[in-house]
Amino acid sequence: MHGEAGAFIELDGLEKVFDVRRRVGRFRRETRQVRAVDGISFRVARGEMVGYIGPNGAGKSTTIKMLTGILTPSGGRVRVAGIDPSRERTRLASRIGVVFGQRTTLWWDLPLIDSYRLAHRMYRVPDARFRENLDRCVELLGLGDLLHVAVRQLSLGQRMRGDIAAALLHDPDVLYLDEPTIGLDVISKTRVREFLRDLNRDRGTTVLLTTHDLQDIEQLCRRVMVIDHGRLLYDGGLAGLHEAGGSERVLVVDLEHEAPPIELADEPSVRVTRVEGTRQYLAFPADRSAAPLVARVAAAYPLVDLSVREPDIESVIAKMYGERADA
Amino acid sequence: MGIRSQLTYRLSFAATTFGNLAATAFDFVTILLMFSQVRALGGFSLPEVAFLYGTSTTAFGLTDLVMGSTERIGSRVRDGTLDVLLLRPAPVLAQVAADRFALRRIGRIVQGGAVLAYALAAVDVDWDPVRVAMVPLMVLSGGLIFAAVFVVGAAFQFWAQDVAEVQSAFTYGGTTLLQYPPGLFAKDLVRGATFVVPLAFVNWMPALYVLRRPLPLGMPDGVAFLAPAVAVLCCALAGLVWRLGIRSYRSTGS
Ligand SMILES: Nc1ncnc2c1ncn2[C@@H]1O[C@H](COP(=O)(O)OP(=O)(O)OP(=O)(O)O)[C@@H](O)[C@H]1O
Ligand SMILES: [Mg+2]
């Protein structure tokens, strides 16, 4: 374990450029370069559970493919467990587990259990270990009734759980999940999240997770990285996202009678976003205290009730993505 | 897995194997038909041509049995399902070969072996230990040379679409070429088959040595012994090209 004690996954200025050819007019062809990953650097320590989010086409899947060795980087450096993935792909393979929400790693025509048996042999998992891991996954992911069903007959959510189990039978040190909750119902999502949390806690498995469901991140990850256009926009705690995203809290006031939108002199950062009869919504910067604001409103208007709403992560992220798109 | 499921459909297995056998046997029937009209083909007797035919077909049959399914790599490259093979701790080529190990392709080996057995019994050659040893050696090294061609063909599927046809021109086309004496073909073709894609080392060079005939292109007899070295070199080169191919794999956007 020496040498990799600090960072388990290391990226330094990692780049992936795709040449995309397309036809212009009838005969001419034009080659355009898509910088899918454009100089990303980060480090993930052993045992961390990190969310990797960003809008469509941000470069998340491309990053994960370079971390597994499927794609060879165009520039920069990447190491996983001290191994250069694209150069020593087969050696790295037994140390990582991968789940692509969009694509199964199972044998399409075989019953689930046969895929697991093949993995057992291919990864040379000791028999006892294999049984133990399989039993655990079957129980926690509710696969009992599905083991003898051919993979192509499984529903999306069933297949996804089957895929997660398959990725873990060989005790990988790190698990990459690319949209593992896509298309899952509420109960399956909860189940998968609980399973991942236990896995990370009990086994110390390092997890890197991409998703468009921010609840996954809120419930699982203390650290989150946001990327867009192949660049890292944010890397830090979930709470810090609010500051980084310049988010707002909302003061909801119920007045005694209907009134025109509240206006406070020399408070340009406070504005009414919505009026519903006697109820008014005032947005103000999240890093400001609500108390002085409440006092000023109460002095000028007769109040019946009030509450403060914290910004939700969805809107923070949406704002962040939006700003990038404008830039 | 492949074998088991193939054997489960016993009937269709028997049918396709027989079909394959019949299709390849047709090649040799063509040769027999020619010999009903002429006494020699390019100065070679029927047993001599049968020797060329048997060695080339057996060598190719062995390789086709193992590597035949590499043609399908192209479609996996295009639809991105190669991703899954790249995630597993085994070489991609081994996985592709094992995935659809086509037992039905055994027909070609059986047929080539039978013709080779006939040739060995009927051909009029003064056998010595070196010549006897040369026969299995040339089948083996010939198989490796074909394997290298298969691998290079598979690697090109990373860069270009529809190269499968070009590949089969060299593999299936190559065997057919080697079933006939080199004297029947233009010099440039024989040169190409010696120096560019060295199929001549599958059987022409070593077989003509065994048959005590002058080697093509006026090569000295010693060249026949280069076959194993050429085979190893081809495989090393093919491995290099394959690695380059994998490194330029781009997967798909989703
Ligand atoms: N094989 C490829 N060939 C060409 N361009 C590609 C390829 N794969 C990805 N891209 C491009 O690279 C960029 C990043 O794609 P990527 O799949 O990594 O995005 P993502 O963050 O996973 O998006 P999503 O949330 O939609 O899954 C996109 O602009 C995409 O068009
Ligand atoms: Mg993606």
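Remember, predicted model here, so these are calculated numbers, not experimental data.

Rules behind the numbers
Residues numbered from 1 in each chain as written. Chains lettered and ligands numbered in written order. Predicted model: local features only at pLDDT ≥ 70, side-chain atom pairs only at ≥ 80, totals over all residues. Heavy atoms only, no water. Helix = DSSP H or I, 4+ residues; strand = E, 2+ residues; numbered from the N terminus. Buried < 20%, exposed > 50% of the residue type's maximum accessible area, 1.4 Å probe, protein only. Areas by Shrake-Rupley, 256 points an atom, 1.4 Å probe, with all protein chains shown as cover. Lys, Arg positive; Asp, Glu negative; His and termini not counted. Charge placed at Lys NZ, Arg CZ, Asp CG, Glu CD. Patch = residues over 30% accessible without salt bridge, like charges linked within 9 Å, V, L, I, M, F, W, Y side chains within 5 Å. Salt bridge = Lys/Arg side-chain N within 4 Å of Asp/Glu carboxyl O. Pairing = 2+ DSSP bridges. Axes fitted to C-alpha atoms, helices over the stretch in contact; angles between N-to-C directions. Near = heavy atom within 4 Å. Polar contact = N/O pair within 3.5 Å; in protein donor to acceptor, adjacent residues only side chain to side chain. Arc of directions from axis to C-beta. Contact = heavy atoms within 4.5 Å. pLDDT = per-residue confidence, 0-100.

Looking only at helices and strands, one finds 10 helices and 13 strands in chain A. With respect to the three principal axes, the spread of C-alpha positions in chain A is 75 × 55 × 50 Å. Residue burial in chain A is summarised as follows: out of 327 residues, 50% are buried. For chain A, the exposed surface amounts to about 15,700 Å²; the carbon and sulfur share of it is 47%. Here chain A holds 47 positive side-chain charges and 47 negative ones, and the gap between their average locations is 9 Å.

A cluster of basic side chains, namely Arg21, Arg23 and Arg29 of chain A together with Arg250 of chain B, defines a positive patch on the protein surface. Considering the arrangement of structural elements, one finds Arg250 of chain B in the segment after α12 (227-247).

Next up on the list: the sheet that holds strand β5 (residues 96-100) of chain A. All names here are of chain A. Here we have six strands laid out as an open sheet, ordered β5-β6-β7-β3-β8-β9, and mixed in their pairing. Looking at which strands have only one partner, the edges of the open sheet turn out to be β5 and β9 (231-237). Strand-to-strand twist across the sheet, computed as the mean angle between neighbouring axes with direction ignored, equals 15°. By the bridge criterion, five bridges tie β5 to strand β6 (residues 174-178) in an arrangement that is parallel. Bridging from a neighbouring strand, Phe100 pairs with Asp178 of β6.

On to the site of ligand 1. In the vicinity of ligand 1 lie 18 residues, with Gly57, Lys60, Ser61, Thr62 and His212 of chain A positioned nearest. Around ligand 1 the close residues trace back to chains A and B. Side-chain polar atom of Ser61 of chain A to an oxygen atom of ligand 1: 2.7 Å apart, as the coordinates give it. A distance of 2.8 Å separates an oxygen atom of ligand 1 from a polar atom in the side chain of His212 of chain A. Alone, ligand 1 offers 630 Å² of accessible surface; in the complex the protein occludes 78% of this. Sorting the residues of the shell around ligand 1 by element identifies β1 (9-24), β2 (28-44) and α1 (60-68) of chain A as the ones contributing at least two each.

Before going further, it helps to examine helix α9 (residues 291-300) of chain A. Residue and element names in this part refer to chain A. For α9, the full list of buried residues reads Leu293, Val294 and Val297. For α9, the buried positions fall inside an angular range of 100° around the axis, keeping them on one side. Pointing more than 90 degrees away from the buried face of α9 are the exposed residues Ala291 and Ala299. Tucked into the core, α9 has its buried residues touching β10 (248-255), β12 (279-285) and β13 (303-309).

In this section: the confidence of the model for chain B. All names here are of chain B. Residues of chain B with pLDDT of at least 70 account for 88%, and the chain-wide mean is 86. Model confidence for chain B, summarised as mean pLDDT per element, is weakest for helix α1 (residues 2-8) at 54 and strongest for α12 at 95. On the interface metric, ipTM, the complex scores 0.81, and its pTM is 0.83.

Looking now at unusual backbone geometry. Positive phi outside glycine occurs at Arg124 of chain A, with the angle close to 50°. Mapped onto the elements of the fold, Arg124 of chain A is located in the loop between α3 (112-122) and α4 (127-141). By relative accessible area, Arg124 of chain A is classed as exposed at 74%. The residue Ser251 of chain B is not glycine, and still its phi comes out positive at about 60°.

All names here are of chain A. In spatial order, the strands read β2-β1-β4; together these three strands make up an open sheet with antiparallel pairing. Looking at the sheet topology across the chains shown, the edges are occupied by β2 and β4 (75-80). The average undirected angle you get between the axes of adjacent strands in this sheet is 30°. Sheet topology note: the β1/β2 ladder contains 14 bridges and is antiparallel. In the strand pairing of β2, Glu10 is matched with Arg43. Running over the sheet, α1 touches β1, β2 and β4 and is turned about 120° from β1.

Before going further, it helps to spend a moment on the pairing of β10 of chain A. Residue and element names in this part refer to chain A. In terms of residue burial, β10 counts as a mostly covered element, since six of its eight residues are buried. Both β10 and β13 contribute to a ladder of six bridges, which runs antiparallel. Each residue of the ladder has a partner; that of Asp254, found in β13, is Asp305.

A few words on the pattern of salt bridges. All names here are of chain A. What the rule picks out here adds up to 35 salt bridges over all chains. With a closest N to O distance of 3.1 Å, Glu132 and Arg129 form a salt bridge. Taken together, the residues span about one helical turn, with Glu132 and Arg129 both in helix α4 at a distance of three residues. On the accessibility criterion, Glu132 (44% relative accessible area) is partly exposed. You can call Arg129 partly exposed: its relative accessible area is 29%. Because the salt bridges share partners, they merge into one network encompassing Glu10, Asp12, Arg43 and Arg77.

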